[in-house]
Amino acid sequence: DGGITQSPKYLFRKEGQNVTLSCEQNLNHDAMYWYRQDPGQGLRLIYYSQIVNDFQKGDIAEGYSVSREKKESFPLTVTSAQKNPTAFYLCASRMGQGHEQYFGPGTRLTVT
Amino acid sequence: AQSVSQHNHHVILSEAASLELGCNYSYGGTVNLFWYVQYPGQHLQLLLKYFSGDPLVKGIKGFEAEFIKSKFSFNLRKPSVQWSDTAEYFCAVNGMFSGGYNKLIFGAGTRLAVHP
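Parameters and conventions
- Residues numbered from 1 in each chain as written.
- Chains lettered and ligands numbered in written order.
- Predicted model: local features only at pLDDT ≥ 70, side-chain atom pairs only at ≥ 80, totals over all residues.
- Heavy atoms only, no water.
- Helix = DSSP H or I, 4+ residues; strand = E, 2+ residues; numbered from the N terminus.
- Buried < 20%, exposed > 50% of the residue type's maximum accessible area, 1.4 Å probe, protein only.
- Contact = heavy atoms within 4.5 Å.
- Areas by Shrake-Rupley, 256 points an atom, 1.4 Å probe, with all protein chains shown as cover.
- Pairing = 2+ DSSP bridges.
- Axes fitted to C-alpha atoms, helices over the stretch in contact; angles between N-to-C directions.
- Buried area = accessible area lost by both parts, 1.4 Å probe.
- Salt bridge = Lys/Arg side-chain N within 4 Å of Asp/Glu carboxyl O.
- Polar contact = N/O pair within 3.5 Å; in protein donor to acceptor, adjacent residues only side chain to side chain.
- Nonpolar A, V, L, I, M, F, W, Y, C, P; charged D, E, K, R; others polar.

A closer look at the overall build of chain B
- Looking only at helices and strands, chain B features 0 helices and 12 strands.
- Counting only C-alpha atoms, chain B reaches 45 × 30 × 20 Å along its principal axes.
- Residue burial in chain B is summarised as follows: out of 116 residues, 48% are buried.
- Sequence-distant contacts, at least 24 apart, represent 54% of the contacts inside chain B between residues at least 6 apart.
- As presented, chain B carries roughly 5500 Å² of accessible surface, and 54% of it is formed by carbon and sulfur atoms.

Here's the deal with the sheet that holds strand β3 (residues 19-25) of chain A
Residue and element names in this part refer to chain A.
- Across the sheet, which stays open at both edges, the 4 strands sit in the order β1-β3-β8-β7 with antiparallel pairing between neighbours. The sheet is open, and its two edges are formed by β1 (4-7) and β7 (64-66), each paired on a single side. Across the sheet, the mean angle separating the axes of adjacent strands is 20 degrees when strand polarity is ignored.

Some points on the interface of chain A and chain B
- Between chain A and chain B, the residue contacts involve 21 residues of the former and 19 residues of the latter.
- Both faces combined, the contact of chain A with chain B buries some 1800 Å², and carbon together with sulfur accounts for 52% of it.
- Among the residues of chain A in contact with chain B, L43, E100 and F103 of chain A are the three that bury the most area, contributing 27% of the side total.
- Counting every contact that joins chain A to chain B gives 1 salt bridge.
- K49 of chain B is paired through a salt bridge with E100 of chain A; the nearest N and O atoms lie 2.8 Å apart.
- Taken together, the links from chain A to chain B amount to 5 residue pairs in polar contact (both at pLDDT 80 or more).
- Put simply, the parts of the chain that give the side of chain A that touches chain B at least two residues each are β4 (31-38), β5 (42-49), β9 (87-94) and β10 (101-103) of chain A.
- Here the element with the most residues in the side of chain A that touches chain B is β5 of chain A; it accounts for 4 residues.
- Across the side of chain A that touches chain B, the residue classes tally to 7 nonpolar, 11 polar and 3 charged.

Digging into the pattern of salt bridges
- Scanning all chains against the criterion turns up 9 salt bridges over all chains.
- Note that D30 of chain A and K71 of chain A form a salt bridge whose closest N and O atoms lie 3.4 Å from each other. Highlighted residues: D30 of chain A in the loop between β3 and β4 and K71 of chain A in the loop between β7 and β8 (76-78), separated in sequence by 41 residues.
- Relative accessible area serves as the criterion here: at 34%, D30 of chain A is assigned to the partly exposed category.
- Linking R44 of chain A and D38 of chain A is a salt bridge whose minimum nitrogen-to-oxygen distance equals 2.9 Å.
- Using a relative accessible area of 26% as the deciding quantity, one classes R44 of chain A as partly exposed.
- Note on D38 of chain A: relative accessible area 11%, which makes it buried.
- One network of salt bridges, with partners in common, ties together K58, E64, E66 and R77 of chain B.

What follows is the structure, encoded as structure tokens:
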């Protein structure tokens, strides 16, 4: 089955700890994205990557970091510098220009 | 700044009622337009998309949307909703925005509740 997997589905962390969210796709898509979803705010772009070893900040990149060492993987690290990390995080990928984005099932992160 | 506005945050309908969800965007360049749906506990999935051609686009599950360029709008419609349409709906715009990178910008979403 082709698709995007995110793990884990639920994640709990203590304040001050960094945490890495996994995103893997086997769709052979070049572009990958991380979004954050908060109630009433839609999806906001954190980081995106058009190709391997390249990524750009989105609209709310502060307190987050990413890497893109492999085409199929785009992990997101939520650092202790992120002031309000509790949210639902969605990963997406896209084949290229002229195509829609496909979304993973999401990871719900709770930081206490 | 580029933005997408969805006029209704919560909509409550009875089964068989007609649905129209508003979406307006602010961007003067060439855009691709999307409606995504998120059913309870499920992935965000594509309902329909507009890239070019006929501005009236038909999607899955009986949904359609009309792109009106002069109004910067891409409203979603369904003539007769079902209980299973209960979900959150997101309008999104894809364009070559600042920095030269292609980005997808989402509206805040509309929660639709359909009562039997």
